[in-house]
Amino acid sequence: MKIVKQPRLIQQICLQFRKKNKTIGVVPTMGFLHEGHLTLLKKCRAKCDILILTLFINPTQFGPKEDLSRYPTDIPGDLSKARVCGVDYVFMPKARDMYPADYQTFVEVGEMTQTLCGASRPGHFKGVTTIVAKLFHLTQPDMACFGLKDFQQFAVLKKMVKDLNMPIKMVGVPTVRESDGLAKSSRNSYLNSGERVAALCLSKAIQQLKDEIKKGETDLKKLEETLKINILKEPLAQMDYVTFVDSETLKPLQTYKKGKTLFALAVFIGKTRLIDNVVV
Ligand code: AMP
């Protein structure tokens, strides 16, 4: 496994592989790898000749009051996990090399980025699409794997790839969870023991929704109210959003659409903002 820090070097390497008709897969991450990230790597490993992991805490996707300065890192741990997953190249650039002082180009997807997390984190998706577009130009992938835990992120990136005619297969991987249901996330490391228990209100809401739908309840307004009440019962939780949207367009849904209804929620547990979702 090789470690590359210079953007120009990873691009040269990848262009060489393309010339030799090797298929390239990329898994973009911000590091502090957990089982969710490793699942993406394994999935990608099975489908391409050259597997690239990117480790980069992207400053442009964090708001001014967000957790950029304290985002967790563990480079030695990440590198040994990457080795086990059969990664060929780890691309871990410095922020100043990705965004030099005179940097001024951004990629922005429209309407789809204005709802859900985009509404509570203005500018977040502009940072995400910009960095992923840059990583795609540098690594020249045939395929890229992303987690469905960040459902809106995956939808927005798929839209960017389609709208900008990028010849990249976008693969969405189901959410990997802890044994008690909590979606794995690097940000779970911020939670103290009380908050860790409180954080279960997200996955419990998802389970409750599945149960209600199984029972035949399809009134989204009613479902939203029931789910909100349970989250509000958790004293350490503060709701950001709990909502139903069309899983393809991300537009608000008034009535249940079988198999295409995305239930998405974002909840602060103490100071930590956690997200989860399910398509029902
Ligand atoms: P991050 O490092 O948090 O930016 O995440 C990098 C990639 O891993 C993104 O595509 C995420 O959606 C994905 N990911 C994060 N957590 C999970 C999870 N629990 N299950 C599956 N994929 C995940």
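Residue indices begin from 1 for each chain and proceed along its sequence in written order. A pLDDT threshold of at least 70 governs which residues receive local features in this predicted model, and a stricter bar of 80 or more applies before side-chain atom pairs are shown or counted, although totals over entire chains, interfaces and linings include all residues. To obtain the side-chain values, all non-hydrogen atoms of the structure were included, while hydrogens and water were left out.

Details of the overall build of the chain
Numbering of helices and strands runs from the N terminus; a helix is a DSSP stretch of H or I covering at least four residues, while a strand is a stretch of E covering at least two. Of the regular secondary structure elements, the chain holds ten helices and nine strands. Rg of the C-alpha trace for the chain: 19 Å, near the compact-globule value of 19 Å for 280 residues, within the 12% margin. For the chain, buried positions account for 51% of its 280 residues. By definition in these notes, contact holds between two residues if any of their heavy atoms fall within 4.5 Å. Taking the contacts inside the chain whose residues are at least 6 apart along the sequence as the reference set, 71% of them involve residues at least 24 apart. As used throughout, the charge tally considers Lys and Arg to be positive and Asp and Glu to be negative, leaving His and the chain termini uncounted. Taken as the charge centre is NZ of Lys, CZ of Arg, CG of Asp or CD of Glu, depending on the residue. Across the chain, 43 positive and 28 negative side-chain charges occur, with their mean positions spaced 5 Å apart. Radius of gyration means the value over C-alpha atoms here, while the globule rule gives 2.2 Å times the residue count to the 0.38 power. The classification of residues rests on relative accessible area computed with a 1.4 Å probe and restricted to protein chains. Under 20% of the type maximum is buried, over 50% is exposed, and intermediate values are partly exposed.

A word on the site of the ligand
The environment of the ligand is formed by 17 residues, the closest being Met30, Gly147, Asp150, Val176 and Lys184. A 3.5 Å cut-off defines polar contacts: any pair of N or O atoms within that distance qualifies, except that in protein one atom must be a possible hydrogen donor and the other a possible acceptor, and neighbouring residues in sequence count only when both atoms are side-chain atoms. One nitrogen or oxygen atom from the main chain of Val176 is found 2.9 Å from a nitrogen atom belonging to the ligand. Between a nitrogen atom of the ligand and a main-chain N or O atom of Lys184, the distance comes to 2.8 Å. Computed with a 1.4 Å probe, the accessible areas rest on the Shrake-Rupley method; for each residue, only the protein chains presented here act as cover. Taking 490 Å² as the accessible area of the ligand by itself, protein coverage stands at 93%. The set of elements that each furnish at least two residues to the shell around the ligand consists of strand E2 (24-29), helix H2 (35-45) and strand E5 (143-147). Looking at the shell around the ligand element by element, the count peaks at three residues for H2. Looking at the shell around the ligand residue by residue, the class counts come to seven nonpolar, seven polar and three charged. For this description, a residue counts as near a given molecule or strand if any of its non-hydrogen atoms is within 4 Å of it. For this classification, Asp, Glu, Lys and Arg are treated as charged, while Ala, Val, Leu, Ile, Met, Phe, Trp, Tyr, Cys and Pro are nonpolar and the rest, including Gly, are polar.

Considerations on the side chain of Lys184
Relative to the helices and strands, Lys184 is located in the loop between strand E6 (169-173) and helix H8 (193-198). A polar side-chain atom of Lys184 sits 3.4 Å from a polar atom in the side chain of Glu178. What Lys184 contacts, discounting residues up to four positions off in sequence, is His34, Glu35, Gly36, Lys149, Val176, Arg177 and Glu178.

What about H2?
Taken together, the buried positions of H2 are Gly36, His37, Leu38, Leu40, Leu41 and Cys44. If you follow the buried residues of H2, they end up packed against E2, strand E3 (50-55), helix H3 (75-84), E5 and E6.

Description of the nonpolar core
Of all hydrophobic cores here, the largest spans 45 residues; its most connected members are Phe136, Met160 and Met170. Apart from the residues lying within four places of it in its own chain, the contact partners of Met160 are Val107, Val109, Thr129, Val132, Ala133, Phe136 and Met166. What is meant by a nonpolar core is a set of buried Ala, Val, Leu, Ile, Met, Phe, Trp, Tyr and Cys residues, joined one to another through side-chain atoms within 4.5 Å. In terms of nonpolar packing, the next biggest core, distinct from the first, is built from 26 residues, Leu191, Cys201, Ala205 and Ile206 among them.

Focus on the sheet that holds E2
A pair of strands is considered paired only if DSSP assigns at least 2 bridges between the two. Here we have six strands laid out as an open sheet, ordered E1-E4-E3-E2-E5-E6, and parallel in their pairing. Either end of the sheet is taken by a strand with one partner, and the two such strands are strand E1 (2-4) and E6. Neighbouring strand axes in the sheet, compared pairwise and without regard to direction, differ in orientation by 25° on average. Across five bridges, the pairing between E5 and E6 is parallel. Counted as the bridge partner of Cys145 is Val171 from E6. Axes here mean lines fitted to C-alpha atoms, for a helix over just the part in contact, with angles spanning 0 to 180 degrees between N-to-C directions. Contacting E2, E3, strand E4 (89-91), E5 and E6, helix H6 (residues 124-139) runs over the sheet at an angle of about 150° to E2.

Some points on the environment of Lys260
Summarising the element assignment, Lys260 is placed in the loop between strand E7 (237-246) and strand E8 (261-269). Distance from Lys260 to Val280, taken between C-alpha atoms, is 6.4 Å for residues 20 residues apart in sequence. Each residue touching Lys260, except ones within four places of it in the same chain, is listed here: Val245, Asp246, Ser247, Glu248, Leu253, Val279 and Val280.

Some details on the packing of aromatic side chains
Two rings belonging to Phe, Tyr or Trp (six-membered ring only in the last case) form a pair when the distance between their centres is within 6.5 Å. Interplanar angles under 30 degrees mark stacking, angles over 60 mark edge-to-face geometry, and anything in between is tilted. Counted by the stated rule, this structure contains eight aromatic pairs. Geometrically, the ring pair formed by Tyr103 and Phe106 is edge-to-face, given 5.6 Å between the ring centres and 90° between the ring planes. The class for Phe106 is partly exposed, based on a relative accessible area of 40%. Consider the rings of Phe146 and Phe154, whose centres lie 6.3 Å apart with planes at 35°: the pair is tilted. Accessibility assignment for this pair places Phe146 and Phe154 in one class, buried. Three or more aromatic residues link up through ring pairs in this structure, and these residues are Phe56, Tyr99, Tyr103 and Phe106. Ring-over charges, as used throughout, are those where CZ of Arg or NZ of Lys falls within 6 Å of the ring centre and within 35 degrees of the ring normal. Note that Arg70 overlies the ring of Tyr190, its terminal NZ or CZ placed 4.2 Å from the centroid. We note Lys126 situated over the ring of Phe106; from NZ or CZ to the ring centre the distance is 4.9 Å.

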